[in-house]
Amino acid sequence: MSTELNAGHGVVHTPASVSAASVAPTIQDLKDAGIKHIRFYWVEPTNIVRLRILPISYFEKLIKSTRPGIGVPKVTGGFVFLSAAEGYGSAGEYLLVPDLSSLKITPYAPGHASVMGWFEEKDPFVGPDGQLSVKVPMCPRSTLRDLVEIAKQDGIEFIVGYENEFTFLVSTEPVTPGNIHQYTDARGLIPSLRETQCLEEIVNSLVDSGVHVETWHGEAGPGQYEISTGPLGPIEATDTLIHTRQTIINIAAKHGLHATFAPRISMSAPGSAAHMHISVHKTGHDKPKDGLSDIESSFLAGIMDELTALPAFSLPIPASYRRVVDGAWSGGTYVAWGTENRECPIRLSNATSPRSRNFEMRFIDGTANPYLILACVIGLGYAGIKSKRQLRQQNFDKNFGPAQLTEEERQAMGVTQRMPLTWEEGRKNLEQSEVLRDILGSSFVDRYLSVNQVLARELGIYDDEEQKALKRLVEFC
């Protein structure tokens, strides 16, 4: 075997290389490119993506002001019903602060560029430490930023990449998927198909905006496709995920298609997930080929010990649980991790290639707020590293899932818990998680649960005959 083959497989990424790859254009770059408008996006805890558009002339004045930002009502959610959630009313405004490092040209909207932001209080207040603060605890993006910075102070860094699974619909009433094909079936990407032409325009738009697209292909469900984007730092990767989804939605509409990230449209077809890949790094820390490093092991242990509480964020609506079942390569229903095993909620990918090894979080769908679930994963993983948590579960390196073992066999491998099987069970696990309350703050958790309850009640659950509820789901997601 050659030295090159012995070196492992997969493209090698480091925190330094992904940081160098995520250089944003300047305002002058945008003006030189003919950009006239800035699309100012933010994502609420319920994963509703909001947008305001500012002429670039005003945006330039704004960022030169003493404290850049625009006023946004404190009430969360896009539907009027979310104002009924406990803790939210009609009074008050946050300051939405632009993050210039997130600037991207948006070819799907000619003459426009986009920027992400985070919330601050307009008026400083005295924080728990006695210092003045403008921090907004319910801002998912700034929560992620803070947790990343805390870990970085100890030399711990993360690289993150996402898979975007979605379905093209030719109609939402009735809900009708587009082209029917098999998984990676070449017939799903015939050049003359409307879906193929739409996909190619999406990918070209992403590449033109500076996004590193790795692959795009047909998934197993009718009208279902996937676009995977390359790894970046946690915030940059998640900003790119939002940019990618907006590109998919906008260009699909141009082609007369409705793109939905709904977890499962029909029980007779596979569902759509939002798999997150994450690797953990520390300068000077070597990763062995024949097993996890101490840091990787403790990172995984920190997540595994609270895995049953995470679906309250990662599978946030009742319909999410229609996707996650045993025997369908959707992550299964047991608390387990395994090398290249798609029947485990956490899959170890590229296990024997230390420089490209990563953990795939398979228990996430497109209804989850990606900043929020990533903040939880990093917060739990970092807590595991800090406490040198011991990994109790064995690597489930079987060619099948835990559901195919007897109870005694699962116990022998350390598989002793089920993932929540219902939305209600997931919420209960989060309510009782002292670790996540410590990471996010009890107020954050309680207010999230309040808003999430109202959202889930309005979206409801559906069966294949309930087209009204299904229509509501695909138009929301």
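Predicted model, so just to flag it, every value in this text is computed and none were measured. The residue count restarts for each chain, going from 1 along the sequence in the order it is written. The predicted nature of this model means local features are confined to residues of pLDDT at least 70 and side-chain atom pairs, given and counted, to a pLDDT of 80 or more, with totals for whole chains, interfaces and linings taken over all residues. Only heavy atoms go into the side-chain values, all of them from the structure, while hydrogens and water stay out.

### A word on the environment of Asn350
Heads up, the rule is: Helical segments are the DSSP runs of H or I of at least four residues, strand segments are the runs of E of at least two, and each set is numbered from the N terminus. Residue burial is assigned from relative accessible area. The probe radius is 1.4 Å, only protein chains are included, and a residue is buried under 20% of its type maximum, exposed over 50%, and partly exposed in between. The contact criterion used throughout is that any non-hydrogen atoms of two residues lie within 4.5 Å.
Note on placement: Asn350 falls in the loop between strand 14 (346-349) and strand 15 (358-361). Residue class for Asn350 comes out buried when judged on its relative accessible area of 18%. Each C-alpha atom of the pair Asn350 and Leu51 lies 38 Å from the other, and the pair is 299 residues apart in sequence. Setting aside anything within four residues of it in sequence, one finds Asn350 in contact with His9, Gly10, Glu340, Ser356, Arg357 and Asn358.

### Points about the pairing of strand 12 (residues 276-282)
Note the cut-off: When DSSP finds two or more bridges between two strands, those strands count as paired.
Burial analysis of strand 12 places 6 of its 7 residues in the buried class, the great majority of the element. The sheet contact formed by strand 7 (residues 156-172) and strand 12 spans 7 bridges and is antiparallel. Of the residues in strand 12, the one forming a bridge with Val160 is Ile278.

### A few points about the UniProt feature "transmembrane region" (unreviewed entry) in the chain
Selection rule: UniProt positions are given in the numbering used here, feature names are shortened, and annotations may be inferred rather than shown by experiment.
Here, UniProt's "transmembrane region" (unreviewed entry) annotation points to residues 368-385. Helix makes up 89% of residues 368-385 and strand 0%, with an end-to-end C-alpha separation of 25 Å.

### Section: the pattern of salt bridges
Definition in use: Any Lys or Arg side-chain nitrogen located within 4 Å of an Asp or Glu carboxyl oxygen qualifies as a salt bridge.
By the definition in use, this model includes 23 salt bridges. Its salt-bridge partner being Glu60, residue Lys31 comes within 3.1 Å of it at the nearest N-O pair. With Lys31 in helix 3 (residues 27-32) and Glu60 in helix 4 (residues 56-63), this pair connects stretches of sequence that are 29 residues apart. What makes Lys31 partly exposed here is its relative accessible area of 36%. For Glu360, the salt bridge identified is with Arg347, shortest N-O distance 2.6 Å. Of this pair, Glu360 sits in strand 15 while Arg347 is found in strand 14, placing the two residues 13 residues apart along the sequence. Three or more residues joined by partner-sharing salt bridges are found here, namely Glu340, Arg347, Glu360 and Arg362.

### Describing helix 14 (residues 442-459)
Condition: Working rule for helices: expected span equals 1.5 Å times residues minus one.
Taking 1.5 Å of rise per residue, the 18 residues of helix 14 would be expected to cover 26 Å, and the 26 Å separating its terminal C-alpha atoms lies within 8% of that figure. Phe444, Val445, Tyr448, Leu449, Ser450, Val451, Asn452, Val454, Leu455, Ala456 and Leu459 are the residues of helix 14 that are buried. Lining the buried residues of helix 14 we find helix 5 (140-153), helix 9 (311-314), helix 10 (370-386), helix 12 (423-431), helix 13 (434-440) and helix 15 (467-476). Gly460 lies just past helix 14 and shows a positive phi near 70 degrees.

### Re the side chain of Ser272
Condition: A 3.5 Å cut-off defines polar contacts: any pair of N or O atoms within that distance qualifies, except that in protein one atom must be a possible hydrogen donor and the other a possible acceptor, and neighbouring residues in sequence count only when both atoms are side-chain atoms.
With respect to the helices and strands, the residue Ser272 is situated in the loop between strand 11 (258-260) and strand 12. For Ser272, a relative accessible area of 2% puts it in the buried group. A polar contact is formed between the side chain of Ser272 and the side chain of Gln224, at a distance of 2.9 Å. Leaving out residues up to four positions away in the same chain, Ser272 has contacts with Glu165, Phe166, Thr167, Gln224, Ala262, Pro263, Arg323 and Asp365.

### Let's talk about the nonpolar core
This is how the line gets drawn: We define the nonpolar core as a collection of buried residues of types Ala, Val, Leu, Ile, Met, Phe, Trp, Tyr and Cys that are connected through side-chain atoms lying within 4.5 Å of one another.
Phe168, Ile278, Ile346 and Met361 are the most contacted members of the largest nonpolar core, which has 82 residues in total. If you tally residues by element for this core, the top one is helix 10, at 11 residues. Those residues in contact with Met361 that sit more than four places away from it in its chain are His275, Met276, Ile278, Ile303, Pro345, Ile346 and Val377. Core analysis: the next-biggest nonpolar cluster, separate from the first, contains 23 residues, Tyr94, Leu95, Ala113 and Phe119 among them.

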